[in-house]
Each structure stands twice: as structure tokens, then as C-alpha cells.
Amino acid sequence: MKQQKLGFWVLTALVVGNMVGSGIFMLPRSLAEAASPAGVLLGWLLTGAGVLMIAIIFGNLAIRKPELNGGPQIYAKELFPKGSNASILSGFMSSWGYWIGNVAGNVAIITTFASYLSTFFPILTSGHVVFSAGSLTLKLGNLLTFLVCTALLWMMHTIILQGAENAGKLNFVATATKVLGFFLFIVIGLFAFEKSYIQPFVAPRYDEAGHTLGLLSQINNVALSTLWAFIGIESAIVFASRARKQSDVKRATIVGLFIALAIYIGISVLVMGLLKQEVLMQSEKPLVDAIGTVLGPIGSQLLAALGLISLIGSTLGWIFLSAEVPYQAAKQGLFMRTFLQENKNGMPRFSLIVSNMIAQLFIFSTISNSMAAAFDFVIYIATLSYLVPYVIASVFQLKLVWTGETYRTMQERMTDGTIAVLATIYSIWLVKAGTADMKTFLLGIALLASSLLFYPLVVKQQNGETNKQKQSA
């Protein structure tokens, strides 16, 4: 069986490509609403520092525990005695939640692709009624959007089946193109930057009740918003088993983080210098409006094209990652064994099919409003699926430091212990802040609990393995 391996730059492209997706195009507006220029800049630095701690944790664990592949959620089983019910249950539930959250997130990226494509093909927003029956009304724009999204999903599916190296190279090209495009945007913005637009640098903002928010409150709000920009920092560790060298996983994670952070800070600050604050806060497409002040109408088309390239890379990376999660979990005995099926290129064929069939169901949300509501529901409760694995990885690193496992010197333990404490505090704060709303918290728990429907299958196969080992002994 042919096994293709991923090099440092391909892994880095997966990290950057999965982090820098559609969110960057709308983030400047939401940040301008949440904070003054000073608050936005400090918020990015705070989040960058916190996520750096988590990135180092991921890198350390990839080197110290190379046998634990598939993502940060896999470490959940290592927090409990080996082979215990608690170990299997925690590993399965965290893998399940992370997998479903990724699949739902993929559809959000795919549907955003169709939105950007409408810049060049306005018919995608056509309100012409094609079919009507009772409460169901099918519009031409919705039908075409559904077809575009479906085509993109299964085109990425076909590319990934050709092998990890081919998929990685295509993702690298898409990521390199968009990184160069964003840095070009930054260079253009530097020449057109208007200092007066970011004045006053420190200014109050107001909450929904009209209460004044000081700088610290603004930083807190920005840190919550910018957190979502870094979802995907764990991408390299998910593909650790496919890396040529485990040391590349750590380097790719950290380098990818700094590239993404440079893009985010550069664009956020420069957009504030291209649009007045009151204009930016009202803009529905801040990057397009900002570049339009410099390049005119052609700027909007250039940004739309960059958005399409960005989304193609993100779609490929996240679909690949989504299929890899249950596949690697099954290797650890934490998922149904059927997800281990591979094709001749060593790709997780069954996992990819199931993941994309679920995604296809969600894509029906582009046709029916009732399906759209169901899709929003899943996205809403997927919050914990991204945040919990960060806590798990940080706590597992603390456990290794405490027990001394894999360490040779006390100095190494002290260094990694300090980073682990900071990462744990930060990741717990993320969960607390991200699930402050009780409804989000309860629905997130419901998403994890839904895995219990399939847990008996995992227990059954575990018992079967145990019996085989006893008989062979």
C-alpha cells in the first residue's frame, strides 16, 4: 500500500490554510464594533500569545507521544488508566464531538464559497421561482448554489482520494496564493493608510444596554472574537502520522501560527486606516470596501477572486482533516472499526465518504429554510467540539510533566510545566468564555452526549479485541 508523507511546508500550508479562511473577510468589521484601534491590536496580541502556548503544547506532544495521532482530542483517553471504560469513553466522545463540529464547519466554508462566486455570477442570488409546492419555494439562485456547493464538496473528495501528498500540494498552492495576496493587500494598504482614521486610538465602546466599555473590556471582547480565527491551529497534529518527521509537526504549527497572526494583525490594522471607524462598523464587506478606496471597482473583483482561492484551500484542508479524525481515532480503538478502511493510496475512504455524506445533508440548507435552521442549530452547538480538545491537550501535557514520563531533566519539566500551566489556564478561559451562554453550553453537551448512541459498538469491539488477546495468550 502506497503511503505518502507530508513535508514541513505542506504541513505549514495546512495549518495556515485551515486558520485563514472566510472569517478574515468579515473580522475587521466585528472587531471595530467590539473595540477601538488600541483594543483591537492588544486583543490580537493577547490571543496570539495564548494560542502560541497551545501551539507549543501540540508540538511538544507530537514529539513526545508520536504514537498518539489524530488530533488533540485523542489525548482524552490518556488522562485515565489504560484500557479503562473512562479512557475509552472520554476518547470516543471527544473524537465524536470534534468530528461532527468539523463536518458542520466545512459546510459553512463551502456555502461561503458560493457567496463569493456570486460576485462573478449574479445569477446565484436570483430570486426567480423554479418550483413551488405548499410552504416550499425553490428559487433559481438557491438551486444553483446547491449545485455549486455539491460539486465543490465531491470534487475535493475526489482529489483527497488521490493521496495525501497530492491533496497537500494543491492545498499548498492555494494557501501560498492567498498568503501572497493578503500580503499584497497589506503593502497596498500601507501606501494608502490614513492615520486620522484610527484616531482616537483609545476610545470607548458600548454594550447592548448602552454601558461604556473601557479598554480592558474591549480587549476581552476582541480576544473572544479573534479566538475563532485560530481554530485550525491543531491541523498539523491531526496529520502527524502522515508527517515525514515528527519535528516538522511542531515547527509547522508554530510557523503557521506566526504567518496567520501576521496576516490577521496586518489586515485588521490597515483596514482601520483605509476606512473611517463609522464606515467600517457599517460595512458588510470591509476588505472589499477598503481595497475599493485604493483600486476602485477592480479591487472588489480581485478580493472576491482571492476569497475563492482562500476558500478552495480551506475546503480541501478541512475536508481532509474531518475524514482523518475518526480514521485516526479508530486506529487508537476509539471509533468504529469500519472507519479504518483505506483505498490503494492509503486514504481513509470510508471515513471520507461518511463525513461528506453528512456534509451533503447539511448542504440541503441552501435549498430549504427549514434545513438552514437545522444547520444553524448544529453550528451553534459545535462550540465545545473545538474548545474542549485544547483543554484536554493542555491538561495531558501537565500530566506528563507531573509524572516525568518522556522527560530526562528537571529543567525540561520546569520549562514545559510553565507553558502547560499557562496553556491550561488560557484554554479553560476559552471554554468558559465560549460557553458563557447556558443554551450554548447545554446544547454543546448534547452534541457530545449524542455519541453515546454509538458507544456500545466501540465497547463491543474493544471486548472482542480483549478476548482475542486472552485466547492467543
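Not measured: the values here are computed from a predicted model. (Residues numbered from 1 in each chain as written. Predicted model: local features only at pLDDT ≥ 70, side-chain atom pairs only at ≥ 80, totals over all residues. Heavy atoms only, no water.)

## Here's the deal with the overall build of the chain
- Secondary structure assignment for the chain yields 18 helices and four strands.
- Computed over the C-alpha atoms, the radius of gyration of the chain is 23 Å, within 12% of the 23 Å expected from 2.2 N^0.38 for a compact globule of 473 residues.
- Across its three principal axes, the chain shows a C-alpha extent of roughly 75 × 60 × 45 Å.
- Per-residue burial for the chain yields a buried fraction of 53% across its 473 residues.
- Counted over contacts in the chain with a minimum sequence separation of 6, partners at least 24 positions apart contribute 81%.
- When the accessible surface of the chain is summed, it comes to about 20,200 Å², and 67% of that surface belongs to carbon and sulfur atoms. (Helix = DSSP H or I, 4+ residues; strand = E, 2+ residues; numbered from the N terminus. Rg over C-alpha atoms; globule rule 2.2 N^0.38 Å. Buried < 20%, exposed > 50% of the residue type's maximum accessible area, 1.4 Å probe, protein only. Contact = heavy atoms within 4.5 Å. Areas by Shrake-Rupley, 256 points an atom, 1.4 Å probe, with all protein chains shown as cover.)

## Some words on the confidence of the model for the chain
- Per-residue pLDDT for the chain averages 83, and the proportion of residues at 70 or more is 90%.
- Looking at the elements of the chain, mean pLDDT is at its lowest for helix H14 (residues 369-381), recorded as 55, and at its highest for helix H13 (residues 349-363), recorded as 91. (pLDDT = per-residue confidence, 0-100.)

## With respect to the nonpolar core
- Ranked by size, the top nonpolar core spans 134 residues in total, and within it Trp44, Phe182, Phe185, Phe230, Ile233, Ile267 and Phe335 carry the most contacts.
- Not counting residues up to four positions away in its chain, the partners in contact with Trp44 are Leu27, Leu31, Val222, Thr226, Ala229, Phe230, Leu261, Tyr264, Ile265 and Ser268. (Core = buried A, V, L, I, M, F, W, Y, C linked by side-chain atoms within 4.5 Å.)

## Observations regarding the pattern of salt bridges
- Enumeration over the complete set of coordinates arrives at ten salt bridges.
- Because the salt bridges share partners, they merge into one network encompassing Arg64, Glu412 and Asp416. (Salt bridge = Lys/Arg side-chain N within 4 Å of Asp/Glu carboxyl O.)

## Details of the packing of aromatic side chains
- Scanning the entire structure with this criterion turns up 19 aromatic pairs.
- When the ring of Trp99 is compared with that of Phe335, the centres are 5.6 Å apart and the planes differ by 90 degrees; the resulting orientation is edge-to-face. In this pair, Trp99 sits in helix H4 (residues 85-117) while Phe335 sits in the loop between helix H12 (297-331) and H13, placing the two residues 236 residues apart along the sequence.
- Judged by relative accessible area, Phe335 falls into the buried class, the value being 0%.
- With a centroid separation of 5.8 Å and an interplanar angle of 75 degrees, the aromatic rings of Phe230 and Tyr264 are classed as edge-to-face. Here Phe230, found in the loop between helix H7 (215-227) and helix H8 (235-238), pairs with Tyr264, found in helix H9 (residues 246-274); they are 34 residues apart in sequence, far enough to count as distant. Tyr264 shares its class with Phe230; the two are buried.
- Members of the aromatic cluster, connected to one another through ring pairs, are Phe92, Trp96, Trp99, Phe335, Phe339, Phe350, Phe454 and Tyr455.
- Cation over ring: Arg64 sits above Tyr407, and NZ or CZ is 3.7 Å from the ring centre.
- The ring centre of Phe8 lies 4.2 Å from the NZ or CZ of Arg251, which sits over that ring. (Phe/Tyr/Trp six-rings, centres within 6.5 Å; stacked < 30°, edge-to-face > 60°. Lys NZ or Arg CZ within 6 Å of the ring centre and 35° of its normal.)

## Thoughts on the side chain of Ser427
- With respect to the helices and strands, Ser427 occurs in helix H16 (residues 410-434).
- Here Ser427 falls in the buried class, since its relative accessible area comes to 1%.
- A polar contact is formed between the side chain of Ser427 and the backbone oxygen of Thr424, at a distance of 3.1 Å.
- The residues contacting Ser427, other than those within four sequence positions of it, are Ile54, Tyr390, Val391 and Ser394. (Polar contact = N/O pair within 3.5 Å; in protein donor to acceptor, adjacent residues only side chain to side chain.)

## Some words on the side chain of Gln73
- With respect to the element layout, Gln73 can be found in the loop between helix H3 (37-64) and H4.
- Excluding residues that lie within four positions of it along the chain, Gln73 makes contacts with Ser94, Ser95, Tyr98, Val325 and Pro389.

## Here's the deal with the packing of helix H6 (residues 164-192) against H12
- It is the contact of H6 with H12, at a shortest axis distance of 9 Å, that shows an interaxial angle of 145 degrees. Like other packed secondary-structure pairs, H6 and H12 cross with a definite hand, here left-handed. Of the residues in H12, those in contact with Ala164, Ala167, Leu170, Asn171, Ala174, Thr177, Lys178, Gly181, Phe182 and Phe185 of H6 are Leu303, Leu306, Ile309, Ser310, Gly313, Ser314, Leu316, Gly317 and Phe320.
- Taken together, the residues of the contact of H6 with H12 sort by class into eleven nonpolar, seven polar and one charged. (Axes fitted to C-alpha atoms, helices over the stretch in contact; angles between N-to-C directions. Left-handed = near helix turned anticlockwise from the far one by under 90°. Nonpolar A, V, L, I, M, F, W, Y, C, P; charged D, E, K, R; others polar.)

## Points about the packing of helix H11 (residues 286-295) against H12
- At a closest axis distance of 7 Å, the pairing of H11 and H12 adopts a crossing angle of 140 degrees. Comparing their axes, H12 and H11 come out oblique. Crossing hand, H11 versus H12: right-handed. From H11, Leu287, Val288, Ile291 and Leu295 reach across to H12, where they touch Pro297, Ile298, Gly299, Ser300, Leu302 and Leu303. (Parallel < 35°, antiparallel > 145°, perpendicular 65-115°, else oblique.)

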